[in-house]
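As a plain string of letters, each chain reads:
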Amino acid sequence: MQIDVKGRNVPVTDELREHVRKRFVTVAKQVPMSARLEIEFSEERNPAIAAAHVAEATLYLKGGATLRAHDSSVRDCEHALNLCSHELARQVKRHRDKRRRRREARAAPVTGDISTAS
């Protein structure tokens with residue numbers, strides 16, 4: 001999985017990139033290698049907004065599916081990223097389960113009552 005990390009009003013350090021990679025290991029195991037993940041960090045400059053640290057994750061999957069997660073935190077960008085990774089992992093699991101159910105329903109043979117046909 002390709003991971004792109006961007007920052008608006010926030011410097012993106014190597015430690016932050018490493019934290020992103022560690023947090024999305026579980027997501028990377030569940031999606032194909034062709035998936036692309038974009039993480040964008042921003043900081044709200046308005047003092048009236050308490051949760052100023054924002055993390056947005058967008059996961060582009062094969063077949064045109066796009067999953068998004070957006071979370072903000074009062075503490076720091078890493079906490080917002082943790083919240084965002086949990087939300088995106090839940091969405092990926094739900095998407096995989098939905099695709100699996102559809103595939104199994106399509107592959108299941110239709111059974112009818114053959115004993116009354118004679």
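Enquirer: Let's hear about a negative patch on the surface: which residues, and what values?
Expert: The grouping of Asp14, Glu15, Asp76 and Glu78 at the surface amounts to a negative patch. Of note, Asp14 is situated in helix α1 (residues 14-23). The exposed category is assigned to Asp14, whose relative accessible area is 60%.

Enquirer: A description of a positive patch on the surface should follow, citing residues and the corresponding values.
Expert: Taken together, the side chains of Lys62, Arg94, Arg96, Lys98, Arg99, Arg101, Arg102, Arg103 and Arg106 define a basic patch exposed on the protein surface. Here Arg106 lies in helix α3 (residues 77-107). Overall, Arg106 belongs to the exposed group, its relative accessible area being 68%.

Enquirer: For the sheet that holds strand β3 (residues 53-60), give the residues involved together with the corresponding values.
Expert: With mixed pairing, 4 strands are arranged side by side in an open sheet as β1-β2-β3-β4. Strands at the two margins of the open sheet, each flanked by one partner only, are β1 (2-8) and β4 (66-73). Going across the sheet, the axis of each strand differs from the next one's by a mean of 15°, ignoring polarity. As paired strands, β1 and strand β2 (residues 36-43) are joined by 7 bridges and run parallel to one another. Its bridge partner being in β2, Gln2 is matched across the sheet by Arg36. In the packing of α1 onto the sheet, the strands contacted are β1 and β2, and the crossing angle to β1 comes to about 135°. Contacts from α3 reach β2, β3 and β4 within the one sheet, and its direction differs from that of β4 by about 150°.

Parameters at a glance
- Residues numbered from 1 in each chain as written.
- Predicted model: local features only at pLDDT ≥ 70, side-chain atom pairs only at ≥ 80, totals over all residues.
- Heavy atoms only, no water.
- Patch = residues over 30% accessible without salt bridge, like charges linked within 9 Å, V, L, I, M, F, W, Y side chains within 5 Å.
- Areas by Shrake-Rupley, 256 points an atom, 1.4 Å probe, with all protein chains shown as cover.
- Salt bridge = Lys/Arg side-chain N within 4 Å of Asp/Glu carboxyl O.
- Lys, Arg positive; Asp, Glu negative; His and termini not counted.
- Charge placed at Lys NZ, Arg CZ, Asp CG, Glu CD.
- Helix = DSSP H or I, 4+ residues; strand = E, 2+ residues; numbered from the N terminus.
- Buried < 20%, exposed > 50% of the residue type's maximum accessible area, 1.4 Å probe, protein only.
- Pairing = 2+ DSSP bridges.
- Axes fitted to C-alpha atoms, helices over the stretch in contact; angles between N-to-C directions.
- Contact = heavy atoms within 4.5 Å.

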